[in-house]
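Breakdown of the fold
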Amino acid sequence: MAEKRTIITERVDDIPLLLAHMERMGLPALLDEHFPTHGNWKGLSLGWTTTVWLAHILSEGNHRLSHVQPWAEKRLESLQACIGQAVRALDFSDDRLGDVLSALSRDAAWERFEAILNGNLLRVYDLSPQRVRLDSTTASGYGSVTPEGLFQFGHSKDHRPDLPQVKVMLATLDPLGMPLATMVVPGQRADDPLYIPAITQVRQGLGRRGLLYIGDCKMAALATRAFLQAGGDCYLCPLSEIQMPADRLEEVLAPVWSGEQALTPIYRERENGDQECVAEGFERQEVLTAAVGGQTITWTERQLVVRSRKQAQAAEAALRARLEKAQKALLALNERGRGKKRFPDEASLRQEAEAIVARYRAEGLLCLRYEEEVKERPVRRYRGRPATVRQEREIWVRVKVDEEALEKAVRRLGWRVYVTNEGAERLALPQAVLAYREQYTIDRGMGRLKGRPLSLTPMYLQRDDRVTGLIRLLTIALRVLTLLEFTARRNLAMEDVPLTGLYAGNPKRATRRPTAERLLKAFQEITLTIIQESHQTSRHLTPLSPLQQRILVLLGFSPNIYARLCAHSAKPP
């Protein structure tokens, strides 16, 4: 009689690494502590349910609730070996995951959890916070619009004005891009009033002052700057065109045009070590007064007037291209022929020409001159009518570039005014410009949150509490990614040996700054095979490659987090 044999195959990939990393972050215990469940909750705890769900999101790039239970059902043996607990597929049903989102939506519990989590991560990963970046984004979805709901129509940063949206304000820690505070508000809310509550959350969570907060021009509202000054913190942000209008900027730049104000070059180091001059500028001071909490405060603000070379070159090229198109469009008004518009008088031609100038934003840069000419046009004989000559008035527009005005416009391009209350000894002009130029770190986090691998948009959830919970859940996942990346890069810098083998098709390509996504992708195709026979059960795991073993060492893990999946091979007594 043939012996019965059962073979089970499970894709393991990066799941043991992700679960070990989140356990080191203290996520399961913290979630259980701050989000207690009802007495009827059975099976895996909320903390471990959430942690395994995060592993699914990061491994699969999919946050939809309905996909988690089938995924877990195909990996029960692997999950049990990783977390050391019994796991059922029903632990990840839609209803159970919905309960997790509802729990995360509780504001008071979330704020306590986020503060404790941030403190633990700063300690465990030896992080010293100095700079915090703030920015907002919108996330579109298919939720129903109600008067008091999160989903509202507003200015869409997804370029989907046809879909309702929610707004997310994020504060992140430099240079990781790790979230420190998360705010979820209705989608029609303006950005400006969100900065002070976000800063307050960071202060409460970190318990520190004297940090440098960096944001875009929406953070430059006087009330926000005064709030930071009064609280003992610093700020760095650009002024908008409303706060620094063109005529005021012209006054500020007047000493530059006259040669009285020298400019400081600003250099940035390229990857090959060369120094590249990216900008130039100078600084001035201005005394500000504002009311904060019923008290009037006065402080001296540094204004950093900076001209970006690449931005100026691009703006000049765009300006000259617009002028060229405007001239062609204006000269086309003089063309005669079938289908061409005729202008009966100068007023109608002038109106059309000025509309073209406005369309190409060329006001004050083109000189227009209108000429009138009377021409005699022969009219041939027709039937009994003799041949005659008819006089017609023709009106022409002549156009040329006002070179003096163009020169003045070009010299104003690329200039921007940044403001800060940080002292020059800690944040010199070049350092301030380079610090703001690293704003891409929070933009990258927003891209991860909304695109791959977290894939927040589009959202299909309908309930506001679950939408809030999902966004908060994904900011935890963003912390996982940023800390993985930070740890690998820091240890690579200490070893001073680049990492190779991450790039498909180019295995010799080396990098000292690998992304978390590439590090996780390197663990694809790891499979656990379980062979069950009447006398024994054996487990076989795909051997780890040298690259995978090195990544584990860089991240501070032993290969045992994978080897333990085979530790349960045994013979029956």
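Look above for the structure.
A brief structural summary.

Scoring rules and cut-offs
- Residues numbered from 1 in each chain as written.
- Predicted model: local features only at pLDDT ≥ 70, side-chain atom pairs only at ≥ 80, totals over all residues.
- Heavy atoms only, no water.
- Pairing = 2+ DSSP bridges.
- Helix = DSSP H or I, 4+ residues; strand = E, 2+ residues; numbered from the N terminus.
- Axes fitted to C-alpha atoms, helices over the stretch in contact; angles between N-to-C directions.
- Contact = heavy atoms within 4.5 Å.
- Phe/Tyr/Trp six-rings, centres within 6.5 Å; stacked < 30°, edge-to-face > 60°.
- Buried < 20%, exposed > 50% of the residue type's maximum accessible area, 1.4 Å probe, protein only.
- Expected span 1.5 Å × (residues − 1).
- Parallel < 35°, antiparallel > 145°, perpendicular 65-115°, else oblique.
- Nonpolar A, V, L, I, M, F, W, Y, C, P; charged D, E, K, R; others polar.

What follows covers the sheet that holds strand β4 (residues 178–186). Strand order in the open sheet formed by nine strands is β4-β3-β2-β5-β6-β12-β9-β8-β7, and the pairing between neighbours is mixed. Bordering the open sheet on either side are β4 and β7 (264–269), each of which pairs with just one other strand. Taking the axes of each pair of neighbouring strands and ignoring which way they run, one obtains an average angle of 25° across the sheet. The sheet strands contacting helix α16 (residues 464–495) are β3 (165–173) and β4, and the helix crosses β4 at an angle near 160°.

The subject of this paragraph is the packing of aromatic side chains. What characterises a pair of aromatic rings is the spacing of the ring centres plus the angle enclosed by the ring planes. Within this structure, the stated rule accounts for six aromatic pairs. Ring centres of Tyr-142 and Tyr-460 lie 5.3 Å apart, and the angle between their planes is 10°; this geometry places the pair in the stacked category. Taken together, the residues span a long stretch of sequence, with Tyr-142 in the loop between β2 (131–140) and β3 and Tyr-460 in the loop between α15 (440–450) and α16 at a distance of 318 residues. Relative accessible area serves as the criterion here: at 40%, Tyr-142 is assigned to the partly exposed category.

This part is about the pairing of strand β12 (residues 415–420). Along a regular strand, successive side chains alternate from one face of the sheet to the other. Along β12, five of the six residues are buried, which leaves the element largely enclosed by surrounding structure. Across three bridges, strand β6 (residues 234–238) lies against β12 in antiparallel orientation. Its bridge partner lying in β12, Pro-238 is registered against Tyr-418.

Think of an α-helix as 3.6 residues a turn; residues three or four steps apart then line up on the same face. Along its 18 residues, helix α7 (residues 107–124) runs 25 Å from first to last C-alpha, staying within 8% of the 26 Å computed at 1.5 Å per residue. Considered for burial, the residues of α7 that qualify are Ala-109, Trp-110, Phe-113, Glu-114, Leu-117, Asn-118, Asn-120, Leu-121 and Leu-122. Where α7 is buried, its residues touch α2 (27–34), α6 (94–104), β3, β4, α8 (195–206) and α16. Immediately downstream of α7, the backbone of Asp-126 shows phi near 55°, a positive value.

Note that Asp-233 resides in the loop between α9 (222–230) and β6. When sequence neighbours within four positions are dropped, the list of residues in contact with Asp-233 reads Arg-203, Arg-209, Gly-210, Leu-211, Tyr-213, Leu-228 and Asn-421.

Two elements in contact, α6 and α16, have axes separated by 7 Å at closest approach and are oriented at 85°. Relative to α16, the element α6 lies roughly perpendicular. Contacts between α6 and α16 involve Gly-98, Asp-99, Leu-101, Ser-102 and Leu-104 from the former and Asp-465, Arg-466, Gly-469, Leu-470, Arg-472 and Leu-473 from the latter. Grouping the constituent residues of the contact of α6 with α16 by class yields four nonpolar, three polar and four charged.

So, about the environment of Trp-71. Residue placement: Trp-71 occurs in helix α4 (residues 68–73). Note: C-alpha distance between Trp-71 and Trp-53 (18 residues apart in sequence) is 9.9 Å.

Below, the discussion takes up unusual backbone geometry. The omega torsion of the bond from Asp-174 to Pro-175 falls at -5°, within 30 degrees of zero and hence cis. On the secondary structure map, Pro-175 appears in the loop between β3 and β4. For Arg-361, which is not glycine, the phi dihedral falls at a positive 50°. Relative to the helices and strands, Arg-361 resides in the loop between α12 (346–359) and β10 (366–379). Arg-361 sits in the exposed class, given a relative accessible area of 52%. Positioned with a positive phi, Asp-496 is a non-glycine residue whose angle comes to about 60°. Residue placement: Asp-496 occurs in the loop between α16 and β13 (499–500).

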